[in-house]
Amino acid sequence: SQGKVRDLSDDEQPPDGTTHAFVTKVNLDSLTADWLRHFTMSPNANGDLASGAAYGCAVTSDNLVYVAGFVEDGATMDGATKNDGADKDDIFVAQLNGSNGQVNWIQQVGTAEDERLAHNNGIAVDADGNAVVSGSTAGNFYRKRPSNAPSGSMDAIIFTMSKEDGSYKTLVSNGGDPLPQGDDDDDDDGGGDD
């Protein structure tokens, strides 16, 4: 959305022209909002307008709400823990209490290149209530991309974030053994181990 954020005082409002993500819980009997949560962003180092959008939502059986989307052009989601390599367009995942909309944690993940949440709801939950995120990357998220990769090409990514704090869950095989995370010794690391 654009414009004033109803939960913020005038001196806390984002700059005019900023686009920010939001989620609301609607009471289906009265069609009124039980709660509304805006996600604001800080601009990049150049001071460009911050822009982001939420494109996915998933709810666990114990009433945790995951909201996922992206922030653009190096902006930082306010209140987010941002991994070291995140820059340009990044994916964000927020976990909220479904009863009152209180934010439990926000993670912003990415590389020095662009990442995007998958279209048509790139967020789901597993049997344990962890967030399962799918999207795409133009960077070295799991592996070092070949230097001759076509410009603008992106790799598919999928990863799981712990419901406790949003940290990455180690990928395991059906037998329970950790799977290799690639051999990426570049600093442009979004998700895998070095």
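Just so you know, these numbers come straight off a predicted model, no measurement behind them.

1. A look at the overall build of the protein
Then comes step 1: Secondary structure assignment for the protein yields zero helices and 13 strands.
Then comes step 2: Listing the helices and strands of the protein from first to last along the sequence gives β-β-β-β-β-β-β-β-β-β-β-β-β.
Then comes step 3: Per-residue burial for the protein yields a buried fraction of 42% across its 194 residues.
Then comes step 4: Considering only contacts in the protein between residues 6 or more positions apart, those separated by 24 or more positions represent 54%.
Then comes step 5: Total accessible area on the protein stands at roughly 10300 Å², and carbon and sulfur atoms take up 46% of it.

2. Concerning the pattern of salt bridges
Then comes step 1: Summed over all chains, the structure comprises five salt bridges.
Then comes step 2: Here Lys 88 ties to Glu 113 by a salt bridge, and the two come within 3.2 Å at their closest N and O atoms. With Lys 88 in the loop between strand E7 (81–82) and strand E8 (90–97) and Glu 113 in the loop between strand E9 (103–109) and strand E10 (115–117), the pair connects residues that are 25 residues apart, well separated along the chain.
Then comes step 3: According to the relative accessible area criterion, Lys 88 is partly exposed, its value standing at 36%.
Then comes step 4: Among the ionic pairs, Asp 89 bridges to Arg 116, the shortest N-O distance being 2.9 Å. Here Asp 89 is found in the loop between E7 and E8, whereas its partner Arg 116 is found in strand E10, with 27 residues between them in sequence.
Then comes step 5: A relative accessible area of 7% places Asp 89 in the buried class.

3. Some words on a nonpolar patch on the surface
Then comes step 1: Judged by side-chain polarity, Val 26, Leu 28 and Leu 31 come together as a nonpolar surface patch covering roughly 340 Å² of accessible area.
Then comes step 2: Position of Leu 28 relative to the elements: it lies in the loop between strand E1 (21–27) and strand E2 (32–39).

4. Some thoughts on the pairing of E1
Then comes step 1: Two strands pair when backbone bridges link them, and E1 and E2 are joined in this way by seven bridges, in the antiparallel orientation. Looking at E2, one finds that Lys 25 is bridged to Trp 35.
Then comes step 2: The antiparallel pairing of E1 with E2 creates a hairpin that spans four residues between the two strands, and Leu 31 there sits at a positive phi of about 55°.

5. Things to note about the side chain of Gln 108
Then comes step 1: If you trace the backbone, Gln 108 turns up in strand E9.
Then comes step 2: A polar atom in the side chain of Gln 108 sits 3.0 Å from the backbone oxygen of Ala 75.
Then comes step 3: Beyond its immediate chain neighbours, meaning those up to four positions away, Gln 108 contacts Val 71, Ala 75, Thr 76, Met 77, Ala 80, Thr 81, Lys 82, Asn 83, Ala 86, Asp 90, Ile 91 and Phe 92.

6. Some details on unusual backbone geometry
Then comes step 1: For Leu 31, which is not glycine, the phi torsion reads 55° and is therefore positive.
Then comes step 2: Here Leu 31 is to be found in the loop between E1 and E2.
Then comes step 3: On the accessibility criterion, Leu 31 (66% relative accessible area) is exposed.
Then comes step 4: Even without a glycine there, the phi angle at Asp 73 is positive, about 55°.
Then comes step 5: Its place among the elements puts Asp 73 in the loop between strand E5 (64–71) and strand E6 (76–77).

7. Some points on the environment of Met 77
Then comes step 1: Relative to the elements of secondary structure, Met 77 occurs in strand E6.
Then comes step 2: Spatially, the C-alpha atom of Met 77 lies 8.1 Å from that of Ile 106, the residues being 29 residues apart in sequence.
Then comes step 3: Apart from the residues lying within four places of it in its own chain, the contact partners of Met 77 are Phe 39, Thr 40, Met 41, Val 71, Phe 92, Ile 106 and Gln 108.

8. Focus on the packing of aromatic side chains
Then comes step 1: Per the stated rule, a full pass over the model turns up five aromatic pairs.
Then comes step 2: Both rings, one in Phe 39 and one in Phe 92, keep their centres 5.8 Å apart while their planes meet at 45°; by these two values the pair is tilted. Residue Phe 39 is found in strand E2, and its partner Phe 92 is found in strand E8; the two are separated by 53 residues along the sequence. For the pair shown, Phe 39 and Phe 92 are each scored as buried.
Then comes step 3: On the numbers, 6.0 Å between centres and 55° between planes, the contact of Tyr 66 with Trp 105 is tilted. Here Trp 105 lies in strand E9 and Tyr 66 lies in strand E5, a separation of 39 residues in the sequence. Of the two residues examined, Tyr 66 and Trp 105, each falls in the buried class.
Then comes step 4: Pairwise contacts between aromatic rings join Phe 141, Phe 159 and Tyr 168 into one cluster.

Rules and cut-offs
- Residues numbered from 1 in each chain as written.
- Predicted model: local features only at pLDDT ≥ 70, side-chain atom pairs only at ≥ 80, totals over all residues.
- Heavy atoms only, no water.
- Helix = DSSP H or I, 4+ residues; strand = E, 2+ residues; numbered from the N terminus.
- Buried < 20%, exposed > 50% of the residue type's maximum accessible area, 1.4 Å probe, protein only.
- Contact = heavy atoms within 4.5 Å.
- Areas by Shrake-Rupley, 256 points an atom, 1.4 Å probe, with all protein chains shown as cover.
- Salt bridge = Lys/Arg side-chain N within 4 Å of Asp/Glu carboxyl O.
- Patch = residues over 30% accessible without salt bridge, like charges linked within 9 Å, V, L, I, M, F, W, Y side chains within 5 Å.
- Pairing = 2+ DSSP bridges.
- Polar contact = N/O pair within 3.5 Å; in protein donor to acceptor, adjacent residues only side chain to side chain.
- Phe/Tyr/Trp six-rings, centres within 6.5 Å; stacked < 30°, edge-to-face > 60°.

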